[in-house]
Amino acid sequence: MKFATAKHREDIFVCLVDEDQKAVLPLNRTEQARTGETSFPDSMIEFISDGDRCIGKVRQLADWVQTQEAPNAYFIPFSEISLLAPIPRPAKNIFCIGKNYAEHAIEMGSAEDIPKAPIVFTKAPTAVIGPNESVLNHRGVTSELDYEGELVVIIGKSGRAIKKEEALDHVFGYTIINDVTARDLQSKHKQYFIGKSLDTTCPMGPWIVHKSLIENPNLLDIETKVNGEVRQSSNTKHFIFPIEEIISVLSAGMTLEPGDIIATGTPAGVGSGFKPPMFLQPGDTIEVKVEKVGTLKSFIQDKD
Ligand code: MG
């Protein structure tokens, strides 16, 4: 099951995605047609918090739709909606893991930069935008805007001191971000935060794939294209710190909560790794594709 936050006319709602039909099933509207009532949360964070109960109800609802005379009537085509970021306004900063692929650590410095423990930084929630939206080019603030395609973990169940063996039980599902980075700000300031948090520099989506569809998140192809040209191509099996370890380390003394977002790091092939560097330019199109998750497409604003 894939869940999205969508906007249709003035309504914003959580929906089930049917990729084959290129349509979404709005949960509350469909439930209302079935029972006359609505009981699904309108926000994805609440939906995730109520995960197990909601998933069971979604299954029942989807089965019911298929028994109806015209099942398609309950779906809204992609052409009539806008997909927002699945969590349009995270409750807290987005956790990010730095240099989690050895080849990327080397391209950013040398083999000595391969971390011995996860590097953790965050992005501000105000940086989030949805799929198919434009990243501001921030002329005058940065001249070194760069892409980082990443698999993202969405936490489903609260916990502290989560053991590695139990870590995936705390996951709700997976999505994608482009951890767009202002490299000049990242290196000028002694923490990554400013360079990682400019408005619009966290495209997220296009949806959250429920964990039941992904047997092993540490074994997924990941690819980033800029204007159709492959720049990053790897597999999450190359993580230095697999997802179980990241969750265990983050939660050792800090509670993780439903709706928390963890970006797992980017492979080699970022723009600053090329000689000369290939930073993003106005008008560029970036696509981050993760196997079994989907493709997140973004644009760089084509004018100031
Ligand atoms: Mg990153």
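Going by the structure above, here's the rest.
A. Seen up close, the pairing of strand 18 (residues 285-290). Looking at chain direction, strand 15 (residues 221-226) and strand 18 are connected through five bridges and run antiparallel. Looking at strand 18, one finds that Ile-222 is bridged to Val-290.

B. A look at the environment of Lys-99. With respect to the helices and strands, Lys-99 occurs in the loop between strand 6 (94-98) and helix 4 (102-107). Separated by 16 residues in the primary sequence, Lys-99 and Pro-115 place their C-alpha atoms 7.0 Å from one another. Every residue in contact with Lys-99, bar those within four places of it in the chain, is listed here: His-104, Ala-105, Met-108, Asp-113, Pro-115, Ile-119, Tyr-192 and Ile-240.

C. Examining the packing of aromatic side chains more closely. Considering all chains together, one arrives at eight aromatic pairs under this definition. An aromatic cluster of three or more residues is present, and its members are Phe-3, Phe-40, Phe-47 and Phe-172. Directly above the ring of Phe-40 sits Lys-57, whose terminal nitrogen or CZ lies 4.2 Å from the centroid.

D. Quick look at the sheet that holds strand 15. Strand order in this open sheet of five strands is 9-19-18-15-16, and the pairing throughout is mixed. A single partner strand is all that each edge strand has here, and the edge strands are strand 9 (134-135) and strand 16 (229-235).

E. Representation of the side chain of Ser-251 within the structure. In this structure, Ser-251 sits in the loop between helix 7 (243-250) and strand 17 (261-263). Take Ser-251: its relative accessible area is 0%, and that puts it in the buried class. Among the polar contacts listed, one links the side chain of Ser-251 to the backbone oxygen of Ser-248, at a separation of 3.5 Å. Sequence-distant contacts of Ser-251, that is, excluding residues within four places in its chain, are made with Gly-159, Arg-160, Ala-161, Ile-162 and Leu-256.

F. Spotlight on a negative patch on the surface. Together, Glu-10, Asp-11, Asp-42 and Glu-46 make up a negatively charged patch on the protein surface. The topology assignment puts Glu-10 in the loop between strand 1 (2-8) and strand 2 (11-18).

How each quantity is defined
Residues numbered from 1 in each chain as written. Predicted model: local features only at pLDDT ≥ 70, side-chain atom pairs only at ≥ 80, totals over all residues. Heavy atoms only, no water. Pairing = 2+ DSSP bridges. Helix = DSSP H or I, 4+ residues; strand = E, 2+ residues; numbered from the N terminus. Contact = heavy atoms within 4.5 Å. Phe/Tyr/Trp six-rings, centres within 6.5 Å; stacked < 30°, edge-to-face > 60°. Lys NZ or Arg CZ within 6 Å of the ring centre and 35° of its normal. Buried < 20%, exposed > 50% of the residue type's maximum accessible area, 1.4 Å probe, protein only. Polar contact = N/O pair within 3.5 Å; in protein donor to acceptor, adjacent residues only side chain to side chain. Patch = residues over 30% accessible without salt bridge, like charges linked within 9 Å, V, L, I, M, F, W, Y side chains within 5 Å. Areas by Shrake-Rupley, 256 points an atom, 1.4 Å probe, with all protein chains shown as cover. Salt bridge = Lys/Arg side-chain N within 4 Å of Asp/Glu carboxyl O. Lys, Arg positive; Asp, Glu negative; His and termini not counted. Charge placed at Lys NZ, Arg CZ, Asp CG, Glu CD.

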